[in-house]
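If you want the building blocks of each chain, they are given just below.
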Amino acid sequence: MIAKSLCYPLILSLGLLLLPVQAQERLGVIVSTLESRALDTRVEAIGTLQANETAVVTSIISDVISRIHFTDGQRVAAGDLLVELNSREQQAQLEEARIASSDAERQLQRARQLVENRFVSDQELDDRQREAEIARARLRAAEARLADRQIRAPFDSVVGLREVSVGTLLTPGMAITRLHDDSRMKLDFSVPEALLHAMQPGLQIAAGTAAWPGEQFAGEISVVDTRVEQQTRSVRVRAMLDNADGRLRPGMLMSVRIATQPREALMLPEEALLPVGRRQFVMRLQAAETGLVVERVEVHTGMRLPGEVEILGGLQAGDQVVTHGAFRLRPGQPVSILQELKAGDSPADALSRAGRETGE
């Protein structure tokens, strides 16, 4: 009698397990349909701006400044005169060299005519030729000495602050001002060594600065350094930014965003993941004779975004996955779709929408 009474609960339990699928409860779930969309890997860094070309204007000789031809912040072209040093002696030497060169040229022309008429020898012509060449060389030397006292802009640029005044005794290495070619700007930043493979010349970047909040300045990577810093295990990258309006200044701190590895990816709401140790699973909907049921599928994940995760394997575009209520499901469980989660939706939004549609 005791043995029989113990068997009845066991038989009853087995009977419940053997109930047909139709008799199992059909749970309502929220689902999401996997779609392929464009995705890229974002790299963020901090960089410092430099002018495309920078030069400290100075002199190679010592002399007194006689004239200054620029003002602070002025834009100058290559070859524009910036500063003149005292050059009275050099100008006199130049005038003397010009006269001597002109006289030597006349003597040479006269010697050529006399040689043609056979009045002088070829040796005389050679002497006059040599004297003319010496005179031309002395003229070039005089011009060079004068040019050393006329300091000019080496390239198109904007002038910085003036550091000297008329009457200053200028010595070699003394700064007069600083020139910046700001038509294009260099932006130097560092990225981890692990991202070196993604840094390629021509890659587009977007940079922002606190000086112009809310604005993004477009540029592209021009060069990647050939060495990795041993202490930081990072590599230096240089990008070029157009600066036609002149708003960017050397020394500015800029935040950099780079989109690398553009691709088509499957994205899934994070709520759909069921972690088991280091493995990730989802509940995928599958059509059966009795209706929709779920199956547990292992997935391989990639990049994570706020509320989303990239699916690298295990699913394909068009699959429907349970995003809300997956923890209470078991493989083969019959389900019904309450609502489909759309881009930008939260489960609460989807449940609210489902309640409005059913009149609850």
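Residues numbered from 1 in each chain as written. Predicted model: local features only at pLDDT ≥ 70, side-chain atom pairs only at ≥ 80, totals over all residues. Heavy atoms only, no water.

**Focus on the overall build of the chain**
Alright, step 1. Within the chain one finds four helices and 19 strands.
Alright, step 2. Taken across its 360 residues, the chain has 36% of its residues classed as buried.
Alright, step 3. Long-range pairs, those at least 24 residues apart, make up 72% of the contacts in the chain between residues at least 6 apart in sequence.
Alright, step 4. Per element, the accessible surface of the chain, about 21,700 Å² overall, is 52% carbon and sulfur. (Helix = DSSP H or I, 4+ residues; strand = E, 2+ residues; numbered from the N terminus. Buried < 20%, exposed > 50% of the residue type's maximum accessible area, 1.4 Å probe, protein only. Contact = heavy atoms within 4.5 Å. Areas by Shrake-Rupley, 256 points an atom, 1.4 Å probe, with all protein chains shown as cover.)

**Some thoughts on the environment of Gly314**
Alright, step 1. Within the secondary structure, Gly314 sits in the loop between strand E17 (308-313) and strand E18 (320-324).
Alright, step 2. Judged by relative accessible area, Gly314 falls into the partly exposed class, the value being 40%.
Alright, step 3. Sequence spacing of Gly314 and Val297 is 17 residues, and the spatial spacing of their C-alpha atoms is 6.8 Å.
Alright, step 4. In this view, Gly314 contacts Arg284, Val297 and Glu298; residues no more than four positions away in its chain are not counted.

**Regarding the pairing of strand E15 (residues 279-288)**
Alright, step 1. Where strand E14 (residues 274-276) lies against E15, three bridges are found, and the strand directions are antiparallel. When the bridges of E15 are listed, Val276 appears paired with Arg279.
Alright, step 2. Linkage of E14 to E15, two consecutive antiparallel strands, is achieved through a turn of two residues, within which Gly277 is found at a positive phi near 65°.
Alright, step 3. Pairing between E15 and strand E16 (residues 291-305): nine bridges, direction antiparallel. Its bridge partner being in E16, Met283 is matched across the sheet by Arg296.
Alright, step 4. Hairpin connection, E15 to E16: the antiparallel pair is bridged by two residues. (Pairing = 2+ DSSP bridges.)

**Brief notes about the side chain of Ser32**
Alright, step 1. Mapped onto the fold, Ser32 is located in strand E1 (residues 27-33).
Alright, step 2. Residue classification places Ser32 among the buried positions, given a relative accessible area of 7%.
Alright, step 3. Excluding residues within four positions of it along the chain, Ser32 makes contact with Pro269, Asp319, Gln320, Val321, Thr323, Glu340 and Leu341.

**What to know about the confidence of the model for the chain**
Alright, step 1. Residues of the chain with pLDDT of at least 70 account for 86%, and the chain-wide mean is 84.
Alright, step 2. Confidence scores differ between elements of the chain, with helix H1 (residues 2-17) showing the lowest mean pLDDT of 40 and strand E12 (residues 234-242) the highest of 95.
Alright, step 3. Here residues 1-23 scores under 50 on pLDDT; set against residues more than four positions off or in separate chains, the count is four contacts. (pLDDT = per-residue confidence, 0-100.)

**Digging into the sheet that holds strand E8 (residues 169-170)**
Alright, step 1. Read from one edge to the other, the open sheet built from four strands follows the order E6-E5-E3-E8, with strand pairing classed as antiparallel. A strand with exactly one partner marks an edge of an open sheet, and here the two such strands are strand E6 (150-152) and E8.
Alright, step 2. Examined bridge by bridge, strand E3 (residues 63-68) and E8 share two bridges and lie antiparallel to one another. Bridging across to E8, Asp63 finds its partner in Leu170.

**Observations concerning the layout of surface pockets**
Alright, step 1. The computed volume of the second largest pocket comes to approximately 170 Å³.
Alright, step 2. Lining of the second largest pocket is provided by Arg75, Val158, Val159, Gly160, His180, Asp182, Gly246, Arg249 and Pro250.
Alright, step 3. By residue class, the composition of the lining of the second largest pocket is three nonpolar, three polar and three charged. (1 Å grid on protein atoms, 1.4 Å probe; cavity = no way out; pocket = protein on both sides within 12 Å on 5 of 7 lines; lining within 4 Å. Points joined across faces, edges and corners; volume = space filled by probe spheres on them. Nonpolar A, V, L, I, M, F, W, Y, C, P; charged D, E, K, R; others polar.)

**Considering the nonpolar core**
Alright, step 1. One finds Leu187, Phe189, Met199 and Leu241 to be the most contacted residues of the largest nonpolar core, which totals 24 residues.
Alright, step 2. Those elements that provide at least two residues to this core are strand E2 (36-57), strand E9 (177-192), strand E10 (204-208), strand E11 (217-229), E12 and strand E13 (253-269).
Alright, step 3. Look past the residues within four positions of Leu241 in its chain and what remains in contact with it is Arg184, Met185, Leu187, Ile205, Ala207, Phe217, Ala218, Gly219, Leu248 and Met254. (Core = buried A, V, L, I, M, F, W, Y, C linked by side-chain atoms within 4.5 Å.)

**Some details on the packing of aromatic side chains**
Alright, step 1. Under the criterion given, the structure shown has zero aromatic pairs.
Alright, step 2. One cation-aromatic arrangement involves Arg247 over Trp212; the distance from NZ or CZ to the ring centre is 4.9 Å.
Alright, step 3. The cationic tip of Arg296 hangs over the ring face of Phe281; the distance from NZ or CZ to the ring centre is 4.4 Å. (Phe/Tyr/Trp six-rings, centres within 6.5 Å; stacked < 30°, edge-to-face > 60°. Lys NZ or Arg CZ within 6 Å of the ring centre and 35° of its normal.)

**Brief notes about the pattern of salt bridges**
Alright, step 1. In total, this model carries 17 salt bridges according to the counting rule given.
Alright, step 2. A salt bridge links Arg106 to Asp103, with the shortest nitrogen-to-oxygen separation between them at 3.3 Å. You can see Arg106 and its partner Asp103 sitting in helix H2 (residues 88-116), three residues apart, about one turn around the helix.
Alright, step 3. Of the charged contacts, one joins Arg247 and Glu215 as a salt bridge, the two residues approaching to 2.8 Å between their closest N and O atoms. Taken as a pair, Arg247 in the loop between E12 and E13 and Glu215 in the loop between E10 and E11 lie far apart in primary sequence, 32 residues in all.
Alright, step 4. Its relative accessible area of 30% is what places Glu215 among the partly exposed residues.
Alright, step 5. Beyond isolated ion pairs, a larger network of salt bridges with shared partners links Asp188, Arg236 and Arg238. (Salt bridge = Lys/Arg side-chain N within 4 Å of Asp/Glu carboxyl O.)

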